[in-house]
4 protein chains.
Amino acid sequence: MDELIQKIVEFRDSRNWRQFHNPKDLAISLSIEASELLENFQWKTSDESVTVNFERIQEELADVLIYALLLSNELNINPEQAIIDKIKKNEEKYPIEKAYGSNKKYNEL
Amino acid sequence: MDELIQKIVEFRDSRNWRQFHNPKDLAISLSIEASELLENFQWKTSDESVTVNFERIQEELADVLIYALLLSNELNINPEQAIIDKIKKNEEKYPIEKAYGSNKKYNEL
Amino acid sequence: MDELIQKIVEFRDSRNWRQFHNPKDLAISLSIEASELLENFQWKTSDESVTVNFERIQEELADVLIYALLLSNELNINPEQAIIDKIKKNEEKYPIEKAYGSNKKYNEL
Amino acid sequence: MDELIQKIVEFRDSRNWRQFHNPKDLAISLSIEASELLENFQWKTSDESVTVNFERIQEELADVLIYALLLSNELNINPEQAIIDKIKKNEEKYPIEKAYGSNKKYNEL
């Protein structure tokens, strides 16, 4: 993943864009990209959306990942370690015996 | 990254949650998590947010990555390849000579 | 509607919160509230969501409206006029004969 | 406000779009529009955004209001009453003596 982050940072720095990339604006952009991804599912069933908009979904998903990795990089967060730590935390919030097959939030289980 | 996706999928499947994880609902959840990440920057400067909320930012960022990887997995998208392809596309949308140091969108350059 | 905006502004000013309410942070908050509204529909069908979460949906919808009106107020935008103008614009973007019964975006019609 | 909602519903119904307007998809669209509004503030200070993008901000804000009113209408929620009720609730969550001049969330006050 380091190599990938390196590629993204190079793209950014060769355009001298780091000046805009404070964590708050990166978080804004990540949220906007997630919304553009969601736009591909607007007014459609899940299946219809994937059939009609697959390529755009792939591109917007990539944008989400790019901003998420840029933000990790800016905050010196190791994304893989952060995911592993969060899974551990989620295992406590959602114990299997309570959460199995349920669509409830942890505070409603 | 495959190992990481494996871990996330195991967490999900041991709770029998795949039934909820159609792409549309995953895209909704990704957008909600990106918004929860952004909430850590609400009413604050970027620096103040990072100082006060670093741990929560790390956790929400992990949630964003988890849902992005779950959605890739569900759609058989290789996240690394998708990122590389998107960078290539962005290089065309934002040629260095036009985009250098600019905060404009590609259609305004 | 003026009276309603007056009430909202009084709530805000009696807490001395206007200092935080620059348009950018209001737009962030509006987006966060819209996402909290959407959270009530996460992993559920539309009907199930409304049945289970009606009260919370009503509250989050009110929050969305409150921030939208605060932002209008901050920018001296008349919300009623803005809506009327936007409907006119949408009538041009989505002419009835093309848009009738279609879930496509205007640039795909 | 009733007249305004009437206008919006007429625009919708003359295009036979109500079939898509279940509450879940309306909540998705509201969230997408709030994000498009926020996009006008991306990579810019609040003041710069308003100067450069005022017209677009006004239009996106109108879209947010339109979807919020459509959703109220679909759920038989009176938007004015919902706002008044929410302000009352917020007055309890944020008592003046605790919340005065603070940018903290109610659960951190």
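Not measured: the values here are computed from a predicted model.

The next subject is the nonpolar core. Ranked by size, the top nonpolar core spans 143 residues in total, and within it Leu30 of chain A, Leu30 of chain B, Leu30 of chain C together with Leu30 of chain D carry the most contacts. Those residues in contact with Leu30 of chain A that sit more than four places away from it in its chain are Val64, Tyr67 and Ala68 of chain A together with Ala34, Leu37, Leu61 and Val64 of chain B.

One pass over the structure, following the stated rule, counts 16 aromatic pairs over all chains. An angle of 40° between the planes, with centres 6.1 Å apart, marks the rings of Trp43 of chain A and Tyr67 of chain D as tilted. Here Trp43 of chain A is found in the loop between α2 (23–39) and α3 (46–74), whereas its partner Tyr67 of chain D is found in helix α3 (residues 46–74) on a different chain. Ring centres of Phe11 of chain D and Trp17 of chain D lie 5.8 Å apart, and the angle between their planes is 80°; this geometry places the pair in the edge-to-face category. The pair formed by Phe11 of chain D and Trp17 of chain D is uniform in burial state, with each residue classed as buried. The structure contains a cluster of three or more aromatic residues connected by ring pairs, namely Phe11 and Trp17 of chain A together with Tyr94 and Tyr106 of chain B. Seen from the ring of Tyr106 of chain B, Lys93 of chain B lies directly overhead, with NZ or CZ sitting 4.2 Å from the centre.

What follows covers the interface of chain A and chain B. In this complex, chain A contributes 60 residues to the contact, which on the side of chain B involves 60 residues. One salt bridge in this structure joins Lys86 of chain B and Asp63 of chain A, with 2.9 Å as the shortest N-O distance. At the boundary of chain A with chain B, the tally comes to 18 residue pairs in polar contact (both at pLDDT 80 or more). Contributing elements (two or more residues each) for the side of chain A that touches chain B: α1 (2–13), α2, α3, α4 (79–93) and α5 (96–99) of chain A. Residue contributions to the side of chain A that touches chain B peak at 16 residues, all from α3 of chain A. The residue makeup of the side of chain A that touches chain B, split by class, is 36 nonpolar, 13 polar and eleven charged.

On to the packing of helix α1 (residues 2–13) of chain C against helix α3 (residues 46–74) of chain C. Residue and element names in this part refer to chain C. At a minimum axis distance of 10 Å, the contact between α1 and α3 shows a crossing angle of 90°. By the angle class used here, α1 and α3 are roughly perpendicular. In contact with Ile5, Ile8, Val9 and Arg12 of α1, α3 contributes Ile66, Leu69, Leu70, Asn73 and Glu74. When the residues that make up the contact of α1 with α3 are grouped by side-chain class, the tally is six nonpolar, one polar and two charged.

What follows covers the relation of the copies chain A and chain B. Expressed as a screw transformation, the operator carrying chain A onto chain B has a rotation angle of 180° and an axial translation of 0.0 Å, and the superposed copies differ by an RMSD of 0.0 Å. Here the symmetry operator amounts to a two-fold rotation axis.

Mapping chain D onto chain A calls for a rotation angle of 180° and an axial translation of 0.0 Å; the resulting RMSD is 0.0 Å. Looking at chain D, 100% of its interface residues are interface residues in chain A too, so the copies touch through the same face.

If you look at the interface, chain D gives 17 residues, while chain A gives 17 residues. Here chain D meets chain A over a buried area of about 1400 Å², counting both sides, of which 60% is carbon and sulfur. When the buried area of chain D at its contact with chain A is split by residue, Ile32, Gln42 and Trp43 of chain D rank highest and sum to 42% of it. Counting across the interface, chain D meets chain A through zero salt bridges.

About the cut-offs
Residues numbered from 1 in each chain as written. Chains lettered and ligands numbered in written order. Predicted model: local features only at pLDDT ≥ 70, side-chain atom pairs only at ≥ 80, totals over all residues. Heavy atoms only, no water. Core = buried A, V, L, I, M, F, W, Y, C linked by side-chain atoms within 4.5 Å. Buried < 20%, exposed > 50% of the residue type's maximum accessible area, 1.4 Å probe, protein only. Contact = heavy atoms within 4.5 Å. Phe/Tyr/Trp six-rings, centres within 6.5 Å; stacked < 30°, edge-to-face > 60°. Helix = DSSP H or I, 4+ residues; strand = E, 2+ residues; numbered from the N terminus. Lys NZ or Arg CZ within 6 Å of the ring centre and 35° of its normal. Salt bridge = Lys/Arg side-chain N within 4 Å of Asp/Glu carboxyl O. Polar contact = N/O pair within 3.5 Å; in protein donor to acceptor, adjacent residues only side chain to side chain. Nonpolar A, V, L, I, M, F, W, Y, C, P; charged D, E, K, R; others polar. Axes fitted to C-alpha atoms, helices over the stretch in contact; angles between N-to-C directions. Parallel < 35°, antiparallel > 145°, perpendicular 65-115°, else oblique. Least-squares fit on C-alpha atoms with pLDDT ≥ 70 in both. Buried area = accessible area lost by both parts, 1.4 Å probe.

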